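Residue strings, one per chain:
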Amino acid sequence: MNNEKTVEPSPWLKQNKFGISSTKENQTHQIFESISERYDMMNSVISIFLHKVWRKDVIKSIKLIKGTNAIDLCCGTGELTLTLAQAICPGKVYGLDFSEKMLEKAREKEKRFNVPNVNFLSGNVKNLPFENDFFHYVTVCFGLRNVADYMDALKEIHRVLKPGGKLACLETSRPTIPVFKELYYLYMRFLVPYLGKIFTGSAEEYLWLQESTWAFPDKKTLAVQFRKAGFENIVIKQYLGGVAAMHLGIKPLNKQ
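Computed from a predicted model, the values in this text were never measured in an experiment.

Comments concerning unusual backbone geometry
Between Cys89 and the following residue, Pro90, the backbone shows a cis peptide bond with an omega angle of 15 degrees. With respect to the secondary-structure elements, Pro90 resides in the loop between helix H6 (79-88) and strand E4 (93-97). The phi dihedral of Lys63 falls on the positive side, at around 50 degrees, and the residue is not glycine. By secondary structure assignment, the location of Lys63 is in the loop between helix H5 (50-61) and strand E3 (70-73). Given a relative accessible area of 62%, Lys63 falls into the exposed group. Phi is positive for Asn114, close to 55 degrees, though the residue is something other than glycine. Mapping Asn114 onto the fold places it in the loop between helix H7 (100-113) and strand E5 (118-122).

A word on a nonpolar patch on the surface
A grouping of Met41, Leu191, Tyr194, Ile198 and Phe199 is seen on the molecular surface, where their side chains present a nonpolar patch of about 450 Å² in accessible area. Among the elements that take part in the nonpolar patch, helix H9 (residues 180-200) stands out by supplying 4 residues, more than any other. Checked against the element boundaries, Leu191 lands in helix H9. We classify Leu191 as partly exposed; its relative accessible area is 38%.

Quick notes on the pairing of strand E9 (residues 244-250)
The element E9 is largely enclosed, with a buried count of 6 among its 7 residues. Judged from the 7 bridges that link them, strand E7 (residues 161-172) and E9 form a sheet pairing that is antiparallel. Bridge assignment links Thr172 to a residue of E9, and that residue is Ala244. Bridge analysis of strand E8 (residues 232-239) against E9 gives 6 bridges, and the strand direction is antiparallel. Within the sheet, the bridge partner assigned to Tyr239 lies in E9 and is Ala244. Linkage of E8 to E9, two consecutive antiparallel strands, is achieved through a turn of 4 residues, within which Leu240 is found at a positive phi near 50 degrees.

Scoring rules and cut-offs
Residues numbered from 1 in each chain as written. Predicted model: local features only at pLDDT ≥ 70, side-chain atom pairs only at ≥ 80, totals over all residues. Heavy atoms only, no water. Helix = DSSP H or I, 4+ residues; strand = E, 2+ residues; numbered from the N terminus. Buried < 20%, exposed > 50% of the residue type's maximum accessible area, 1.4 Å probe, protein only. Patch = residues over 30% accessible without salt bridge, like charges linked within 9 Å, V, L, I, M, F, W, Y side chains within 5 Å. Areas by Shrake-Rupley, 256 points an atom, 1.4 Å probe, with all protein chains shown as cover. Salt bridge = Lys/Arg side-chain N within 4 Å of Asp/Glu carboxyl O. Pairing = 2+ DSSP bridges.

Keep in mind these values describe shape, not function.
Shown next as structure tokens:
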């Protein structure tokens, strides 16, 4: 049974300062619009600056071929997108997100770092504006857990990938090491919202991080969903004792 079908939303997800009983998609959109100014800083604080190392490892793991094309979904402020574009140049890279304020930050970085082969656009993962078999690579970093239906998203990604193309998904995960997993839960439940309060003036948005992490499928369940969506040769790589994990899958050469 998929975790996203069984986890009951917390009272905060049902009623919070962004509105009452809004859908997961609407709430997530409003949250990211509200945290765009300090999103990069809080990523570094929460992950102890390790998220940059993990993103670089994702780029290394997919073994990019220069001159191909790729899309970074739920791209946020474009942290991975721009690194991907530099690595794949002269190939074309797209960064897609549904938050315009996050995309504004991404475009500012694009101009600042002068990356000519990237294009940021607004859109939704469940309905990508590209034809079948279009991309060589798809990346999703810390974004799949915010999608309303994970399987729909994975199937749509499968559709736009070329046969033999690769999907790399980096996400928060749940440690399984005794004691460490309890400490990590306490960190996410109490310290992260406190840090959010200190650095952004509001803790509510960072309660969402803990909620979305615990509602998201664990690494084994997510691997099963990759297979159900049509991916093969799935590799799982954990980071920092399992607080984050990368899933790497390939679209078969003989489409199913």
